[in-house]
Amino acid sequence: MVSTKIKQWIERLGGVWVEGQITQLSRRPGTRTAFLTLRDPSADVSLNVTCSPRLFSEAPVELTEGSRVVVWGKPSFYTGRGTFSLHVTEIRAVGIGELLARIERLKALLKAEGLFDPRLKRPLPFLPGRIGLITGRASAAERDVLSVSRRRWPEVQFEVRNTAVQGAGAVAQIVEALIELDADPTIDVIIIARGGGSVEDLLPFSDETLCRAIVSATTPVVSAIGHEPDNPVCDYVADLRAATPTDAAKRVVPDVVAERALVRELRDRSAAALRTWVTREQRLLIQLRTRPVLADPHAAITQRAEDVARLRDSARRDVVRSIDRAVSDIQSLRSRLSALGPAATLARGYAVVQVVDDDGASHVVTAVDAAPAGAKLRVRVSDGVLRATSAGPE
């Protein structure tokens, strides 16, 4: 539907500041909503506004029909009747609009210079040894920061500088305290704290001198000014913006109970991880010890010794067989040699006759002509040698 589309588009606009004059005001006792009409004095334009009656009862000055105001609210569109209205959460007397415009101009200037750059933000220490606190004397902000911080970490130490937090001399005192704390090497972080208030009350914290002093400080600075909707310019240049002074204490000082619980948790997790690792390594050692090579280290040596003995016996048997076979071959050859040799022939009654020359040389007689009469003979029989003389052929 078109009305739904218009409603979605209008609701994406977010919060806006609107200045105008109250022309109609309706506050009924016991109701949670007040209705008023806001008119632009310089143009014939009106705007329906809804808000909590508390904004009128708690206003520092009485707001009636005809009062000029600056309101902060969120535009809304009612699809049932097709009407546009503004739901307001803050109403301030006229004159604040110029202050807001001046603050916006300063924000634009500092942003253009890069003083809002997140890269310039210095990290806060995890556990500051000494904290500098700039706040009003005996203020609720001082009590909140100190009580919350000491409840979270009883040993935390503070160096408090009480200054004016509103009025003409507030900026000079805050800057002087900031410079003094920044020069102290024992200060690890500085908190500038103040409770809530009107735009005029919080105006010193949107002063250009203070903003530039915060940027120039070498110690991290935490801005804890007013409540959540309050956004003085020092919130943008500080290293950390806290919604309230209590929030600043929680952001700067760690909770000893939570940290001890975290230490216990990490210690338990470490012990569990160590036990798991030891158990895993024990299982691995058991597996290694059950392996044959570690369960019986001598088994491999014994097996190899048995193999060596077996191979040695096999080699011995092979050598003996080879020797026996060689002996058998030798005996066979000896028998054959004996059977075929001259000794066996001589043993059967034969003899070998040789002619001996005068020079002592001998020749086997193979024919009768080789041993003429008178030739010296040498006759070998089976058991020795005989000397004889040839009588000539027969």
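This text follows the structure it describes.
Criteria and thresholds
Residues numbered from 1 in each chain as written. Predicted model: local features only at pLDDT ≥ 70, side-chain atom pairs only at ≥ 80, totals over all residues. Heavy atoms only, no water. Helix = DSSP H or I, 4+ residues; strand = E, 2+ residues; numbered from the N terminus. Rg over C-alpha atoms; globule rule 2.2 N^0.38 Å. Buried < 20%, exposed > 50% of the residue type's maximum accessible area, 1.4 Å probe, protein only. Contact = heavy atoms within 4.5 Å. Areas by Shrake-Rupley, 256 points an atom, 1.4 Å probe, with all protein chains shown as cover. Pairing = 2+ DSSP bridges. Axes fitted to C-alpha atoms, helices over the stretch in contact; angles between N-to-C directions. Parallel < 35°, antiparallel > 145°, perpendicular 65-115°, else oblique. Nonpolar A, V, L, I, M, F, W, Y, C, P; charged D, E, K, R; others polar. Phe/Tyr/Trp six-rings, centres within 6.5 Å; stacked < 30°, edge-to-face > 60°. Patch = residues over 30% accessible without salt bridge, like charges linked within 9 Å, V, L, I, M, F, W, Y side chains within 5 Å. Salt bridge = Lys/Arg side-chain N within 4 Å of Asp/Glu carboxyl O.

A look at the overall build of the chain
Part 1 of the argument: The number of helices and strands found in the chain is 12 helices and 14 strands.
Part 2 of the argument: Expected size for 394 residues packed as a compact globule is a radius of gyration near 21 Å; at 62 Å, the chain overshoots this value by more than 25%.
Part 3 of the argument: Considered along the principal axes of its C-alpha atoms, the chain spans approximately 190 × 65 × 45 Å.
Part 4 of the argument: Taken over 394 residues, the chain has a buried fraction of 31%.
Part 5 of the argument: Pairs at least 24 apart in sequence give 59% of the contacts found in the chain among residues at least 6 apart.
Part 6 of the argument: Accessible area for the chain stands at about 24,900 Å²; split by element, carbon and sulfur atoms hold 55% of it.

Section: the sheet that holds strand E8 (residues 189–194)
Part 1 of the argument: One open sheet accounts for 5 strands, arranged E7-E6-E8-E9-E10; its pairing is parallel. Both outer strands of the open sheet, strand E7 (157–162) and strand E10 (240–241), are each paired with one neighbouring strand and no more.
Part 2 of the argument: Sheet topology places strand E9 (residues 221–225) next to E10; 2 bridges connect them, and they run parallel. Looking at E10, one finds that valine 222 is bridged to leucine 240.
Part 3 of the argument: The strands touched by helix H5 (residues 170–183) are strand E6 (130–135), E7, E8 and E9; relative to E6, the strand with the most contacts, the crossing angle is about 175°.

Some details on the packing of H5 against helix H6 (residues 208–216)
Part 1 of the argument: The interhelical angle for the contact between H5 and H6, taken along N-to-C directions, is 10°, at an axis separation of 9 Å. Relative to H6, the element H5 is oriented roughly parallel. Here Val171, Ile174, Val175 and Leu178 of H5 come into contact with H6, specifically with Thr209, Leu210, Ala213 and Ile214.
Part 2 of the argument: Tallied by class, residues from the contact of H5 with H6 come to 7 nonpolar, 1 polar and no charged.

So, the packing of aromatic side chains
Part 1 of the argument: This model, assessed by the stated rule, comprises 2 aromatic pairs.
Part 2 of the argument: An angle of 55° between the planes, with centres 5.2 Å apart, marks the rings of tryptophan 17 and tryptophan 72 as tilted. Separated by 55 residues along the polypeptide, tryptophan 17 in strand E1 (residues 16–26) and tryptophan 72 in strand E4 (residues 68–78) bring together distant segments of the chain.
Part 3 of the argument: You can call tryptophan 17 partly exposed: its relative accessible area is 35%.
Part 4 of the argument: You can call tryptophan 72 partly exposed: its relative accessible area is 31%.

Description of a nonpolar patch on the surface
Part 1 of the argument: Side chains of Leu274, Trp277 and Val278 sit close together on the surface and give an oily, nonpolar patch of about 290 Å² of accessible area.
Part 2 of the argument: When you line up the elements, leucine 274 lands in helix H9 (residues 256–289).

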